[in-house]
Amino acid sequence: CMLPLHSPSEMLTMALFRRTDQAAGKKVVVNVRSMMGMGSEQLLGKLRIRLSTLQAGVLHTAELPLRGERNQSRVGPVVGRATLSIMVVHPRLGALLNSYFEPHVYPPAIVLSLGCAAGDDLTSPFAGNPALAVPEEVLARRARKVVLGWLDSGCAPGIPLRTARRLLDDGRQEFTLSRTQQNWRRVMAVIAAVRPLQEWWRQVQSWRNPVLSTAVACGTMFWAVHPAQMSALLLLAFAAYLYYLKSNVLGEAVGQPAPMVDDLPAEPDDQASASAAVSGATEVTSPPASGTQTPLLASGPGGASFSSLPGSQQQAAPPQSSAASTLASLFGVGGGGAAVSSVVPLDTFNSLKSQYDSVVGFLSTIQNVLDGVATVLERLQALLTWQDPTATYMLLLSLTATAAAIWLLGMPALIAASVLYDMRPPLFRDPLPTGGQNMFGHLPSRGDRMM
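Residues numbered from 1 in each chain as written. Predicted model: local features only at pLDDT ≥ 70, side-chain atom pairs only at ≥ 80, totals over all residues. Heavy atoms only, no water.

## Describing the overall build of the protein
If you tally the helices and strands in the protein, you get 15 helices and 10 strands. For the protein, the proportion of its 451 residues judged to be buried stands at 27%. When contacts within the protein are restricted to residue pairs at least 6 apart in sequence, long-range pairs at least 24 apart make up 65% of them. Counting only carbon and sulfur atoms, one obtains 63% of the accessible surface of the protein, whose full area is about 28200 Å². (Helix = DSSP H or I, 4+ residues; strand = E, 2+ residues; numbered from the N terminus. Buried < 20%, exposed > 50% of the residue type's maximum accessible area, 1.4 Å probe, protein only. Contact = heavy atoms within 4.5 Å. Areas by Shrake-Rupley, 256 points an atom, 1.4 Å probe, with all protein chains shown as cover.)

See below:
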């Protein structure tokens, strides 16, 4: 099929469902969920492709796997394969390039995130009340709700609400332990990509390669004498390296459809620490001989201490985990010592449910914070590794223009122009995010292809 690309944030989502309320073309009741009107479609697999990552004007034919839903321990299995033939076209190249600098959220929604209300002067740099600001996560949920409503009743043919919700699920709406672990490993994977640069600098410091170390020292001294010319040359060299990376290293992989990603493996250090924690938690101390008394035998898992009593009787103190006590004190659940109230709540079920929801909400926040950090790092990596060819070409153009400006005008003039632009009068200010921030928000990340 031929798909027009109007915005770099457009995503092609494909999902395979199985009807659970029909047999031989007739509607039947197969379980309690179907009787209640729930679960009439079962999600088997999903595939997501960001259209801006494909090379435009080329027919891409690929066979990509469909991934099942993620559970608490691991990523979903491959349930099938889909053969795709896609060609992405740019109706208007100028409009597409301009869309990179537009907000990825509808502009009035961004105004809400600034805390602005009706009647506020948006030209003022101090417009907006922080107490009225709406978090971006809340705005994203509201936008998702609007899209779900349109898919359910606004388009023809429509998509049922439950099916559309499963189709657009990005994994941030509920807590999943395996996804939280993957978010942490995503951060570590991007940091590990910088290790070759660290090794190169250590080689320069060690002078094991005298030619390399001498060249770096001479370049540093030339930079001190001619800062503008050296900075321009470094920017041009970096742009040339990015183009070399596309032509000779990445090659044909640039602009091709990419499958849903597998889970990142655990680091050896993490596996060793996990094994040590498990072995430490399973240590068992042999009981003393009959008729002997020991002031303190051992400290069991969770901090339970076992003391000997007269008559060779042992009494175990109730275990109390430090992590559990920390969470308990954080959410006011109680946690140990004199801080625990002896008053039994009148509504035990609602009290426990409230405590459980608080803990799950806190864990979901941790999951989404890690996802946000990993997404920022992966978008920077995507910009440098040609995952979005159009964005990287724009980066090469900006590097070349900046190098020319530094060479012709010098560093002081460029710095002065930046300061004057930053302190421009309120009449020329825009309360919306800058074009660079908007462009960065449109870049792809690993989260786009992760269940």
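## Details of the packing of aromatic side chains
Per the counting criterion, the structure on display carries 2 aromatic pairs. Here Trp200 and Trp201 contribute two aromatic rings whose centre-to-centre distance is 6.2 Å and whose plane-to-plane angle is 40°, an arrangement assigned as tilted. Using a relative accessible area of 36% as the deciding quantity, one classes Trp200 as partly exposed. When the ring of Trp386 is compared with that of Tyr393, the centres are 4.9 Å apart and the planes differ by 80°; the resulting orientation is edge-to-face. Residue Tyr393 is classed as partly exposed on the basis of its relative accessible area, which comes to 41%. Here the basic side chain of Lys246 rests over the ring of Trp386, its NZ or CZ set 5.7 Å away from the ring centre. For the cation-ring pair, Arg424 lies above Tyr421, with the distance from its terminal atom to the ring centre recorded as 4.2 Å. (Phe/Tyr/Trp six-rings, centres within 6.5 Å; stacked < 30°, edge-to-face > 60°. Lys NZ or Arg CZ within 6 Å of the ring centre and 35° of its normal.)

## Regarding the nonpolar core
One broad rule of soluble globular proteins: the nonpolar side chains tend to lie buried together. One finds Leu47, Ile49 and Leu84 to be the most contacted residues of the largest nonpolar core, which totals 28 residues. Put simply, the parts of the chain that give this core at least two residues each are β5 (41-50), β6 (59-67), β7 (78-89), α9 (227-250) and α13 (389-409). Residues contacting Ile49, with those up to four places away along its chain left out, are Glu10, Met11, Leu12, Leu54, Leu64, Leu84, Ile86, Pro257 and Ala258. (Core = buried A, V, L, I, M, F, W, Y, C linked by side-chain atoms within 4.5 Å.)

## A few points about the confidence of the model for the protein
When pLDDT is averaged across the protein, the result is 75; 70% of the residues are at 70 or more. Summarising per-element confidence for the protein, the mean pLDDT is lowest in strand β8 (residues 298-299) (38) and highest in α13 (93). The low-confidence segment residues 29-38 (pLDDT under 50) makes 8 contacts with residues lying over four places distant or belonging to another chain. Contacts for the low-pLDDT stretch residues 277-340, under 50 throughout, to residues beyond four places or in other chains number 57 contacts. (pLDDT = per-residue confidence, 0-100.)

## Here's the deal with a nonpolar patch on the surface
Side chains of Phe222, Leu233, Leu236, Trp407, Leu408 and Leu409 sit close together on the surface and give an oily, nonpolar patch of about 640 Å² of accessible area. Here the nonpolar patch gets 3 residues from one element, more than from any other, and that element is α13. Examined against the element boundaries, Trp407 turns out to sit in helix α13. (Patch = residues over 30% accessible without salt bridge, like charges linked within 9 Å, V, L, I, M, F, W, Y side chains within 5 Å. Salt bridge = Lys/Arg side-chain N within 4 Å of Asp/Glu carboxyl O.)

## Thoughts on the side chain of Thr375
Residue placement: Thr375 occurs in helix α12 (residues 348-384). A relative accessible area of 11% means that Thr375 is categorised as buried. Within the structure, Thr375 has its side chain in polar contact with the backbone oxygen of Asp371 (distance 2.7 Å). Each residue touching Thr375, except ones within four places of it in the same chain, is listed here: Arg186 and Ser445. (Polar contact = N/O pair within 3.5 Å; in protein donor to acceptor, adjacent residues only side chain to side chain.)

## Observations concerning the packing of α9 against α13
At their nearest, the axes of α9 and α13 sit 8 Å apart, and the two run at 160° to each other. With respect to α13, the element α9 is oriented roughly antiparallel. Helix-helix and strand crossings are classified by hand; for α9 and α13 the assignment is left-handed. Contacts from Ala228, Gln229, Ser231, Ala232, Leu233, Leu235, Leu236, Phe238, Ala239, Leu242, Tyr243 and Lys246 of α9 reach α13 at Tyr393, Leu395, Leu396, Leu399, Thr400, Thr402, Ala403, Ile406 and Trp407. Its residues assigned to classes, the contact of α9 with α13 comprises 16 nonpolar, 4 polar and 1 charged. (Axes fitted to C-alpha atoms, helices over the stretch in contact; angles between N-to-C directions. Parallel < 35°, antiparallel > 145°, perpendicular 65-115°, else oblique. Left-handed = near helix turned anticlockwise from the far one by under 90°. Nonpolar A, V, L, I, M, F, W, Y, C, P; charged D, E, K, R; others polar.)

## Quick notes on the pattern of salt bridges
Counted according to the given criterion, the structure contains 9 salt bridges. One salt bridge connects Arg179 with Asp371, and the closest N-O pair in it is separated by 3.7 Å. Pair noted here: Arg179 is in helix α6 (residues 177-192) and Asp371 is in helix α12, with a separation of 192 residues, a long-range link. Comparing Arg179 with Asp371, the two get one shared label, buried. For the salt bridge of Arg186 with Asp371, the shortest nitrogen-to-oxygen distance reads 2.8 Å. Of this pair, Arg186 sits in helix α6 while Asp371 sits in helix α12; the two residues are 185 residues apart in sequence, bridging distant segments of the chain.

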